[in-house]
Amino acid sequence: MNPDDPRAQRTRARLKAAVLDLAARQELASITVSALAKRAEVNRATVYLHYPDVDALVTDAMEDAVAAVARAAALCPLDAPRDRVPGPLRELFEHVAGAATLYTRMLGPHGSARFAARLRERLTAELAGRFSGGRRPAGWDDVPADVHAAYLAGALVGVIAHWVSAGQPGGPGDAALACWRLFRTASAPAPHG
């Protein structure tokens, strides 16, 4: 199968829309290939022709969301004041709030480990690229840039998962501010004794 074929692209788009629709209504673990095929109006064999399992499909379907989260995190100026949330971080939490059910299901206890890993990997890559481009906070030369990026990426995914699973207390603005304060602390120069 040629993935660039317009028919294959249309089928993948239908499968992605179907899995996101189902994920908005039920836990990921309960989504069957049969239900997915029925929702996408294809047969089961077509689902397997494009994706090995539901987890791979839902992770692919969330790729645009992963890209949006990674871009927003990478655009945050790490030297912004502690009490002023950078616009991209606020937008990130607003995006997550707008799709809270999906993020809750994707990052919850019965969610997609593949999605969580993909989100962390993409965030790590964006931040590491930023750090290697000279936009890393000063004072962290004794920590490898990729480790610093992975640390911040893991923290952000953890905060998002906690926030959506708790029902988004305080709304996107409060969550973004709390996250920003933590990021500033994790990005501040390490004390040297």
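What comes next is a walk through the structure.

## Description of the pattern of salt bridges
Thinking step 1. Taken as a whole and judged by the stated rule, the model has 13 salt bridges.
Thinking step 2. Asp-60 serves as the salt-bridge partner of Lys-16, at 3.6 Å between the closest nitrogen and oxygen. On the criterion of sequence distance, the pair formed by Lys-16 in helix H1 (residues 6-25) and Asp-60 in helix H4 (residues 54-61) is long-range, its members being 44 residues apart.
Thinking step 3. Residue classification places Lys-16 among the partly exposed residues on the basis of a relative accessible area of 26%.
Thinking step 4. Note on Asp-60: relative accessible area 25%, which makes it partly exposed.

## Digging into helix H6 (residues 87-98)
Thinking step 1. Over its 12 residues, H6 runs 16 Å from end to end, which matches the ideal 16 Å to within 8%, given 1.5 Å per residue.
Thinking step 2. Of all the positions in H6, only Pro-88, Leu-89, Leu-92, Phe-93 and Val-96 are classed as buried. The buried side chains of H6 occupy one side of the element, clustering within an arc of 140 degrees when seen end-on. For H6, the exposed residues set more than 90 degrees away from the buried face come down to Glu-91 and Gly-98.

## Points about unusual backbone geometry
Thinking step 1. With a phi angle near 60 degrees, Glu-41 is a residue other than glycine that sits in the positive phi range.
Thinking step 2. You can see Glu-41 is positioned in the loop between helix H2 (33-40) and helix H3 (44-50).
Thinking step 3. The exposure class of Glu-41 is exposed, given its relative accessible area of 66%.

## Thoughts on H1
Thinking step 1. Counted at 1.5 Å a residue, the expected span for H1 with its 20 residues is 28 Å, and the 29 Å between its end C-alpha atoms agrees.
Thinking step 2. Next to the buried residues of H1 lie H2, H3, H4 and helix H7 (100-107).
Thinking step 3. Between the side-chain oxygen of the N-cap and the backbone nitrogen of Arg-7 there are 2.6 Å, and the N-cap of H1 in question is Asp-5.

Scoring rules and cut-offs
Residues numbered from 1 in each chain as written. Predicted model: local features only at pLDDT ≥ 70, side-chain atom pairs only at ≥ 80, totals over all residues. Heavy atoms only, no water. Salt bridge = Lys/Arg side-chain N within 4 Å of Asp/Glu carboxyl O. Helix = DSSP H or I, 4+ residues; strand = E, 2+ residues; numbered from the N terminus. Buried < 20%, exposed > 50% of the residue type's maximum accessible area, 1.4 Å probe, protein only. Expected span 1.5 Å × (residues − 1). Arc of directions from axis to C-beta. Contact = heavy atoms within 4.5 Å. Polar contact = N/O pair within 3.5 Å; in protein donor to acceptor, adjacent residues only side chain to side chain.

In short, shape yes, function no, at least from these values alone.
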